[in-house]
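Here is what each chain is made of, one letter per residue.
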Amino acid sequence: MPDTAFDPFASAAVITMARQGRTPRPLDLPVALRPRDAAEAYAVQDAVVRERGEIVGWKVGAASPQAQPARAALTRDSVWVEQPRQEVNLSATGFAVMGVEAELVYELGADLPARATHYSAAEVLAAMVSVRAAIEVCDTRFAAWAQQGEWSRLADQACHGALIVGSGLTDVASVQPLVQGVNLSVNGSVAVQHATWGNPAGDPLRLLVWLANEGARSLGGLRAGQWVTTGSCTGTVMVAPGTVVVADFPGVGRAEVKFD
């Protein structure tokens, strides 16, 4: 018998209800609702995001400089921008797990809507008005961490939990990611330190260009004021409640979060 048509909305409802605590977290999506490729995973993710709220950012990354990038749209309820003399405190009860990563995030100063012709790297870079230190908190709507197939994890907003945007620079061109160092500290002790770029994706500009030309198309493209975080420079470090995490990119900026 032919396969039944895949229903991304039914799949998205499972993820949404688990996030809202209306149903127990499943170990994975039901077999009939598991996306079988990237296109189905993005259809689920887009439905999750549209239900969740306004898009204010994106995460994008890749396993290597040659690998196909992947993205997730981020909604207002999961993005915090640090303000002077104001700490970002997040309740640990809002997460199933708390995996922290130091990342560089770019701020859009102009719209890059979906269009027929591709944006050049120069156009994409010109649309960015700041680059800042950030901490992404990885989380899951499933019952166990990293026990699902890659398409289920991609559907679940690529394991996004929260994004904390810290300080940075408005001179975007002065930032040289491939020689940029990073320190990730947990409760005052350095957990991960790289003297030069630790992001396996390589140059984040490739990721930004892919996102503008392909990754963001199904949700209308990129908009001024949105943030794009460009993948982990430190790997994922699991932390516990009561932890203070600092991501420091020397010469660029720092981000900090405390889990109450």
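See above for the structure.
Now for a quick tour of the structure. (Residues numbered from 1 in each chain as written. Predicted model: local features only at pLDDT ≥ 70, side-chain atom pairs only at ≥ 80, totals over all residues. Heavy atoms only, no water.)

1. As for the overall build of the protein
In terms of regular secondary structure, the protein is built from five helices and 15 strands. C-alpha extents for the protein along the principal axes are approximately 60 × 50 × 30 Å. Taking all 260 residues of the protein together, 52% fall into the buried category. Carbon and sulfur atoms provide 54% of the accessible area of the protein, an area that totals close to 11400 Å². (Helix = DSSP H or I, 4+ residues; strand = E, 2+ residues; numbered from the N terminus. Buried < 20%, exposed > 50% of the residue type's maximum accessible area, 1.4 Å probe, protein only. Areas by Shrake-Rupley, 256 points an atom, 1.4 Å probe, with all protein chains shown as cover.)

2. Digging into the nonpolar core
Grouped together as the largest cluster of nonpolar side chains are 61 residues, with contacts concentrated most on Trp58, Phe249 and Phe259. In terms of residue count, the dominant contributor to this core is helix α5 (residues 204–215) (six residues). Apart from the residues within four sequence positions on either side, Phe249 is in contact with Ala102, Glu103, Leu104, Ala133, Ala134, Gln180, Gly181, Val182, Trp197 and Cys233. Counting 11 residues, the second largest nonpolar core, distinct from the first, contains Ala12, Val14, Ile15 and Val48. (Core = buried A, V, L, I, M, F, W, Y, C linked by side-chain atoms within 4.5 Å. Contact = heavy atoms within 4.5 Å.)

3. Brief notes about unusual backbone geometry
With phi around 60°, Ala146 is a residue other than glycine that occupies positive phi space. Considering the arrangement of structural elements, one finds Ala146 in the loop between β7 (128–138) and α4 (150–155). The phi torsion at Asn187 lies on the positive side, around 50°, for a residue other than glycine. Tracing the sequence through the fold places Asn187 in the loop between β9 (182–186) and β10 (189–194).

4. A closer look at α5
Here α5 spans only 14 Å end to end across 12 residues, well under the 16 Å set by a 1.5 Å rise per residue. Those residues of α5 that fall on the buried side of the exposure criterion are Pro204, Leu207, Leu208, Val209, Trp210, Leu211, Ala212, Asn213 and Gly215. Its side-chain oxygen 2.9 Å from the backbone nitrogen of Leu205, Asp203 forms the N-cap of α5. (Expected span 1.5 Å × (residues − 1). Polar contact = N/O pair within 3.5 Å; in protein donor to acceptor, adjacent residues only side chain to side chain.)

5. Digging into the layout of surface pockets
Each pocket or cavity is described by its volume, and for the largest pocket that value is around 800 Å³. Along its surface, the largest pocket is lined by 31 residues, and Gly61, Ala62, Ala63, Ala70 and Ala158 are the ones closest to its centre. Every element with two or more residues in the lining of the largest pocket is listed here: α2 (38–52), β1 (55–61), β2 (70–75), β5 (99–108), β7 and α4. A per-class count over the lining of the largest pocket returns 16 nonpolar, eight polar and seven charged. (1 Å grid on protein atoms, 1.4 Å probe; cavity = no way out; pocket = protein on both sides within 12 Å on 5 of 7 lines; lining within 4 Å. Points joined across faces, edges and corners; volume = space filled by probe spheres on them. Nonpolar A, V, L, I, M, F, W, Y, C, P; charged D, E, K, R; others polar.)

6. What to know about the pairing of strand β14 (residues 244–249)
Sheet topology note: the β9/β14 ladder contains four bridges and is antiparallel. Residue pairing for β14: Ser185 is matched across the bridge by Val246. Pairing of β14 with strand β15 (residues 253–259), which is carried by six bridges, proceeds in the antiparallel orientation. Considered in β15, the bridge of Asp248 is made with Arg254. Taken together, β14 and the strand that follows it, β15, pair antiparallel across an intervening segment of three residues, in which Gly251 is found at a positive phi of about 85°. (Pairing = 2+ DSSP bridges.)

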